[in-house]
Every structure is written in C-alpha cells, then in structure tokens.
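Architecture at a glance
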Amino acid sequence: MDFNVKKLASDAGVFFTRAVQYTEEKLGQAEKTELDAHLENLIARADCTKNWTDKIFRQTEVLLQPNPSARIEEFFYEKLDRKIPSRITNAELLGQYMQDAAKDFGPGTPYGSTLITVGDFQKRLGGAEREFLQTSAINFLTPLRNFLEGDWKTISKERRLLENRRLDLDVCKARLKKAKLAEAKAAAAPDFQETRPRNYVLSASASALWSEEVDKAEHELRVAQTEFDRQAEVTRLLLEGISSTHVNHLRCLHEFVEAQAAYYTQCHKHMQDLQKELSRFPNAFAVNASTSGVSTAPSPLSSATLPGASSPSRPPNPSNALEASTLKIEEVKPPATGTRKAKVLYDYDAADTSELSLLADELITVYTVPGMDPDWLIGERGNQKGKVPVTYLELLS
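All of these numbers come straight from a predicted model, not from anything done at the bench.

**Brief notes about the overall build of the protein**
Counting its secondary structure elements, the protein contains nine helices and five strands. The 397 residues of the protein split such that 30% are buried. Taking the contacts inside the protein whose residues are at least 6 apart along the sequence as the reference set, 71% of them involve residues at least 24 apart. Accessible area of the protein: about 25300 Å², with a carbon and sulfur share of 56%.

Structure follows, in structure tokens:
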C-alpha cells in the first residue's frame, strides 16, 4: 500500500487550519468571505427544491404503496440492482377470493353467480391499478429519485468544495493580515538611546524576513482567490440547472396526472359495467330478503346512488292475485319487529290509492308483510300509509 506520510500530514494541516477558521467565524473572531447575492439565492432555491422534492417523493411512494414492509422490500431490490417481483394487488386478491368462494357456494346460485361476476371486475380493477402503479413509478418516481440520488449529490459535493475553498481563502487573508502587522512592527524605528547597535542588525533582518512572508502570503492569497472564483463558477452553473430540473419535473407531473386520470376512468367504466351486469337480476336479492322477514336497501352499486343518475323506472303493479284480493292498505298493521327507516331517493307519484306518494330526501317508516311483491314495501308517513317501490328508497336501519 502506497502510504504518503507527507501528503497525509499536509492534508491534516489543511483540515486543522480550516477547522480553526470555521470555529473562529462561528465565535465572531474571524472575518468571513460572503458569497454574492445571486449565488446565495441560487443556493436557497436549490435547498428548497431538494426539501420539497424529497417530501413529494416520499409521500408519492406511500400513495402508490401504503404497505411499509413492501416499500422496504422494493428498496432493497433496487439497491441490489435486482428486478422487483410482480406483486398481486389487493383488488385482484379480493376477486380471487370471491371466485373461490363462489365455487363452494355454488356458481349456479344467485349469490355464487354474483360473486363470480364481482370477482371478475375486482380483478379488472386490480389490473388497472397495477398498470397505474407501474406507469407512475417510471414516469414520476424515477425522475424524482434520479434528481435526489444523482444531481443533488453532485451539487452537494461541489458546494462542500466551495465551502472549503472559501475557508482556505479566509485563512490566507488572515495570514496576510498577520504578516503585514508583523512587518510593520519590525520596520518601526528603534530607540537610538536605549537600543544597542547589535539590535539594528536584528531589526533589519526581521524586517526582511517579514517582507518575504508578506510576499509569500500574497501569492497564496492570489492562488486561493483564483481557486475560490473557479469553484464558485462551477457551483453557480450547477445551481442554475435547477431551472431545468423544475421543467423536467413539471413534465413528469403532467404525466402522473394523466396516468391518474386514465386509471380512475378505467375504474369508473368497470364499475358501470359491473352495475349493468348486476342489474340483470334485480329480483333475486329482494326475494331472498323478503323470505328472511327483513327488508334491505338497494345495492350500493345501484344507479340510484351514482351522481347524475336518473330515477329508476316505475316497478310494475303487483300481479299476484292473492295480494290483490286480500291486501287492503287500511287494514295493514305494522309488525312488532322489522320496521325500518328509509330515505327517499326520488320523487314518486302514487298510481292509485293503495300507493303512497314520495318526496325526495324525506324519511319514512317501511316494512313488509307476508305475500307482498318483493319490489314493494309498505310505507308510513304520519297518518298516511301506502305501498312504495323499493328502488326509490335507501334503507337506513
């Protein structure tokens, strides 16, 4: 091993003098060369860019991957320069569970067939999510990471060099100042009455030595000033590149928003398609609910719950002969248990005296009675009573 003692001693000496200069500056015992205002503004802007880029990067990672364990695993794969294994999304896993459950419940049953349909759409949602994650990682996270781990490290390195050059410059200024003071003191005229002739020679020799020391200090100061100016220019050019970084990050931000918009558009389309699939079997759920003696609300996926959706079509009047001949609204009594509150979703005009007209957003009490058509419930509002369509209601309790 080539071990250069002289170089090591020289580096240690430089480090010591810089440490002394830095300490004296902090204590207010030494002068400090200030950077020009433009360079100071560039440094402040760069620090601001780094801090906010780091925060945006970290929070975007949390948004795309909420699981901290998964993020740590991906971090190690990146550091080891290995491909990150494909990970199934939560929606895809849920869809798989639903389809597996449908096999046990029976794919031919209403519940089983619905589980299969919903599970398939959950897998589609998971696929759209995976595509969004991959696109965002490439188009948004990667440029931010490249800035933090590449450009910013280069800027930080050059800034440290600039600070060292500044300390060296201030050390040279202090050394020159001390040499000039010593030279002036040595050149002062001695007292002819109290000073021996021998001291004249010593005084002249000391003055010559300090003159040489001043020349040496001035030379070192010129060299230090040149190196400081050169390093300041290099640092300034790098810091001015932050403007290009902002332009690049702006483009990446637009791509990130476009990826988000495409992802949510896909999700909305899948949910609309799922709604259409489920609306093909509107009575299966109501039949099961009526046989259990408990009325239930429409599916949350119903078009009645979607913004901008129109009111559902009027359900057909009961065709059950037994119900038409035996059910008299004025004689119907609410059961001891099983009544529920419901919120009216749309206005409804009664077709006959057996029905109850409804106003959107009002609350009514509803219940079912044996032999009733599953598309209808008995609704009560004060002293008024009548049949109301299930699809116009949102059951609350």
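**Quick look at the confidence of the model for the protein**
Across the protein, the average pLDDT comes to 81, with 74% of residues at or above 70. Predicted confidence is poor over residues 282–308, with pLDDT under 50, and the contacts of this stretch with residues over four places away or in other chains come to 36 contacts.

**Digging into the environment of Ile 364**
If you trace the backbone, Ile 364 turns up in strand 2 (residues 363–367). Discounting chain neighbours no more than four positions away, the residues touching Ile 364 are Arg 340, Lys 341, Ala 342, Val 344, Leu 358, Gly 379, Glu 380, Arg 381, Val 388 and Leu 393.

**Focus on a nonpolar patch on the surface**
A surface patch of nonpolar side chains, amounting to about 300 Å² of accessible area, comprises Ile 88, Leu 93 and Tyr 97. With respect to the helices and strands, Leu 93 occurs in helix 4 (residues 90–105). Taking relative accessible area as the criterion, Leu 93 reaches 31% and is therefore assigned partly exposed.

**Here's the deal with the pattern of salt bridges**
All chains considered together, the criterion is met by 16 salt bridges. A salt bridge links Asp 170 to Arg 166; the shortest N-O distance between them is 2.6 Å. Taken together, the positions of Asp 170 and Arg 166, both in helix 5 (residues 110–187) and four residues apart, correspond to about one turn of that helix. For Asp 170, a relative accessible area of 3% puts it in the buried group.

**Some words on the environment of Leu 221**
In this fold, Leu 221 is placed in helix 6 (residues 197–240). The class for Leu 221 is buried, based on a relative accessible area of 18%. Put simply, Leu 221 and Leu 176 are 45 residues apart on the chain and 7.7 Å apart in space, counted from C-alpha to C-alpha. Setting aside residues no more than four positions away along its own chain, Leu 221 makes contact with Leu 169, Cys 172, Lys 173 and Leu 176.

**Here's the deal with unusual backbone geometry**
Excluding glycine, residues mostly have negative phi values, and the peptide bonds linking residues are mostly trans. Notably, Asp 361 is not glycine yet its phi reads approximately 75°, a positive angle. Tracing the backbone shows Asp 361 in the loop between strand 1 (340–344) and strand 2.

**Some details on the packing of helix 2 (residues 37–64) against helix 7 (residues 242–278)**
How two helices sit against one another is set out by the angle between their axes and by the gap between those axes. Packing of helix 2 against helix 7 leaves a shortest axis separation of 12 Å and a crossing angle of 20°. Between helix 2 and helix 7, the angle is such that the two are roughly parallel. Seen along the crossing, helix 2 lies across helix 7 with a hand that is left-handed. Residue-level contacts link Arg 45, Ala 46, Thr 49, Thr 53 and Leu 63 of helix 2 to Ile 242, Ser 243, His 246, His 249, Phe 256 and Gln 260 of helix 7. Here the contact of helix 2 with helix 7 is composed, by residue class, of four nonpolar, six polar and one charged.

**Regarding helix 2**
In an α-helix there are 3.6 residues to a turn, and that puts residues three or four apart on one side. The terminal C-alpha atoms of helix 2, which comprises 28 residues, lie 40 Å apart, in line with the 40 Å expected from a rise of 1.5 Å per residue. Buried within helix 2 we find Leu 39, Leu 42, Ile 43, Ala 46, Thr 49, Thr 53, Phe 57, Thr 60 and Leu 64. Capping of helix 2 at its N-terminal end is provided by Asp 36; its side-chain oxygen lies 3.2 Å from the backbone amide nitrogen of His 38.

**Points about the pairing of strand 2**
Within strand 2, four of the five residues are buried, which leaves the element mostly enclosed by the surrounding structure. By the bridge criterion, four bridges tie strand 1 to strand 2 in an arrangement that is antiparallel. When the sheet's bridge partners are listed, Lys 341 is paired in strand 2 with Thr 365. Judged from the three bridges that link them, strand 2 and strand 3 (residues 376–381) form a sheet pairing that is antiparallel. Bridge pairing in strand 3 places Thr 365 opposite Glu 380.

Criteria and cut-off values
Residues numbered from 1 in each chain as written. Predicted model: local features only at pLDDT ≥ 70, side-chain atom pairs only at ≥ 80, totals over all residues. Heavy atoms only, no water. Helix = DSSP H or I, 4+ residues; strand = E, 2+ residues; numbered from the N terminus. Buried < 20%, exposed > 50% of the residue type's maximum accessible area, 1.4 Å probe, protein only. Contact = heavy atoms within 4.5 Å. Areas by Shrake-Rupley, 256 points an atom, 1.4 Å probe, with all protein chains shown as cover. pLDDT = per-residue confidence, 0-100. Patch = residues over 30% accessible without salt bridge, like charges linked within 9 Å, V, L, I, M, F, W, Y side chains within 5 Å. Salt bridge = Lys/Arg side-chain N within 4 Å of Asp/Glu carboxyl O. Axes fitted to C-alpha atoms, helices over the stretch in contact; angles between N-to-C directions. Parallel < 35°, antiparallel > 145°, perpendicular 65-115°, else oblique. Left-handed = near helix turned anticlockwise from the far one by under 90°. Nonpolar A, V, L, I, M, F, W, Y, C, P; charged D, E, K, R; others polar. Expected span 1.5 Å × (residues − 1). Polar contact = N/O pair within 3.5 Å; in protein donor to acceptor, adjacent residues only side chain to side chain. Pairing = 2+ DSSP bridges.

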